[in-house]
Amino acid sequence: MPCKVTWKDKGLLWEFSGNISTEEFHPINLDHQGDSRWDGLKYLIADFRNVISIDLPEEELVLIQAMDKAAAKSNPYLKIASIANTNETRKLAEFYGTDTPWEYRVFETFAEASSWLESL
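Since this is a predicted model, take the numbers as computed values, not measurements.

A. Layout of empty space enclosed by the protein. On inspection of all chains with the given rule, the structure shows 1 cavity of 30 Å³ or more. Each pocket or cavity is described by its volume, and for the largest cavity that value is around 240 Å³. When residues of the lining of the largest cavity are assigned to their parent elements, the largest contribution, 4 residues, is made by helix H3 (residues 87-96). Its residues placed into classes, the lining of the largest cavity shows 16 nonpolar, 5 polar and 1 charged.

Listed below in C-alpha cells is the structure:
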C-alpha cells in the first residue's frame, strides 16, 4: 500500500511511500471523510518524504480541492501540514495550497510540521 494511515488523538497521519498514482490517491483522500472521527479531527499530516514518484496531474488536484471544500462543511477548522522534500512533491503540495478550504502549510521536515501543529 502506498500510504500508511494512522489515527491519532486529535489527528490523522498519512505516510506515503513508493510510487503514487491518481487511482491510489483518491481513495486515501476520501476514506477518512466517512469515518466517525472526521468531524472532531483537528489536524492532518500528509507526509510525502518517502515518495519515489507521484502521478497526480494538476487537474486531479483541482478535483481534490473541490471535494475538500465539501468536506470542510462538516469540519471547517482542520489544519493540514504537508511534508514535501522533493521538487515534485513540493510543487504538488504548494499547488494544493492555492485553493484549500483549510489552514494549510508545506514543510520539509516532520519536526517543522509538528511544531506548527503543537498548539492544538
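B. Structural view of the pairing of strand S5 (residues 103-107). Where strand S4 (residues 79-83) lies against S5, 5 bridges are found, and the strand directions are parallel. Note that in S5 the partner of Ser 82 across the bridge is Val 106. For the crossover from S4 across H3 to S5, the handedness is right-handed.

C. Just helix H4 (residues 110-117), in detail. Every buried residue of H4 is accounted for by Ala 113, Trp 116 and Leu 117. Considered in projection along H4, the buried side chains sweep an arc of 95 degrees and stay on one side of the axis. Against the buried residues of H4 lie strand S3 (43-55), S4 and S5.

D. Looking closely at a negative patch on the surface. Residues Glu 23, Glu 24, Asp 55 and Glu 88 make up a contiguous surface patch of negative charge. Within the secondary structure layout, Asp 55 lies in strand S3.

E. Highlighting the pairing of S3. Relative to S3, strand S2 (residues 11-21) runs parallel, the two being bridged by 10 bridges. Bridged to Gly 11 within S3 is Tyr 43. Crossover handedness for the path S2 to helix H1 (residues 22-31) to S3: right-handed. Considered for its hand, the β-α-β crossover made up of S3, helix H2 (residues 58-71) and S4 is right-handed.

F. Here's a closer look at H1. Taken residue by residue, H1 has Thr 22, Phe 25, His 26, Ile 28 and Asn 29 as its buried positions. Down the axis of H1, the buried set is contained in an arc of 165 degrees. They therefore lie on one face. Counted as exposed and oriented over 90 degrees from the buried face of H1: Glu 23 and Asp 31. In this structure, the buried side of H1 is in contact with strand S1 (3-7), S2, S3 and H2.

G. View of the sheet that holds S1. Pairing is mixed across the open sheet formed by 5 strands, whose spatial order is S1-S2-S3-S4-S5. Of all strands in the sheet, those bounded by a partner on one side alone are S1 and S5. Pairs of neighbouring strands in the sheet enclose a mean axial angle of 15 degrees, with direction left out of account. Across 5 bridges, S1 lies against S2 in antiparallel orientation. Residue pairing across strands places Lys 4 opposite Glu 15, the latter belonging to S2. Of the strands in this sheet, S3, S4 and S5 touch H3, which is tilted by about 135 degrees from S3. Across the face of the sheet, H4 comes into contact with S2, S3, S4 and S5 while running at roughly 170 degrees to S4.

Conventions adopted
- Residues numbered from 1 in each chain as written.
- Predicted model: local features only at pLDDT ≥ 70, side-chain atom pairs only at ≥ 80, totals over all residues.
- Heavy atoms only, no water.
- 1 Å grid on protein atoms, 1.4 Å probe; cavity = no way out; pocket = protein on both sides within 12 Å on 5 of 7 lines; lining within 4 Å.
- Points joined across faces, edges and corners; volume = space filled by probe spheres on them.
- Helix = DSSP H or I, 4+ residues; strand = E, 2+ residues; numbered from the N terminus.
- Nonpolar A, V, L, I, M, F, W, Y, C, P; charged D, E, K, R; others polar.
- Pairing = 2+ DSSP bridges.
- Right-handed = clockwise from strand over helix to strand, strands pointing away.
- Buried < 20%, exposed > 50% of the residue type's maximum accessible area, 1.4 Å probe, protein only.
- Arc of directions from axis to C-beta.
- Contact = heavy atoms within 4.5 Å.
- Patch = residues over 30% accessible without salt bridge, like charges linked within 9 Å, V, L, I, M, F, W, Y side chains within 5 Å.
- Areas by Shrake-Rupley, 256 points an atom, 1.4 Å probe, with all protein chains shown as cover.
- Salt bridge = Lys/Arg side-chain N within 4 Å of Asp/Glu carboxyl O.
- Lys, Arg positive; Asp, Glu negative; His and termini not counted.
- Charge placed at Lys NZ, Arg CZ, Asp CG, Glu CD.
- Axes fitted to C-alpha atoms, helices over the stretch in contact; angles between N-to-C directions.

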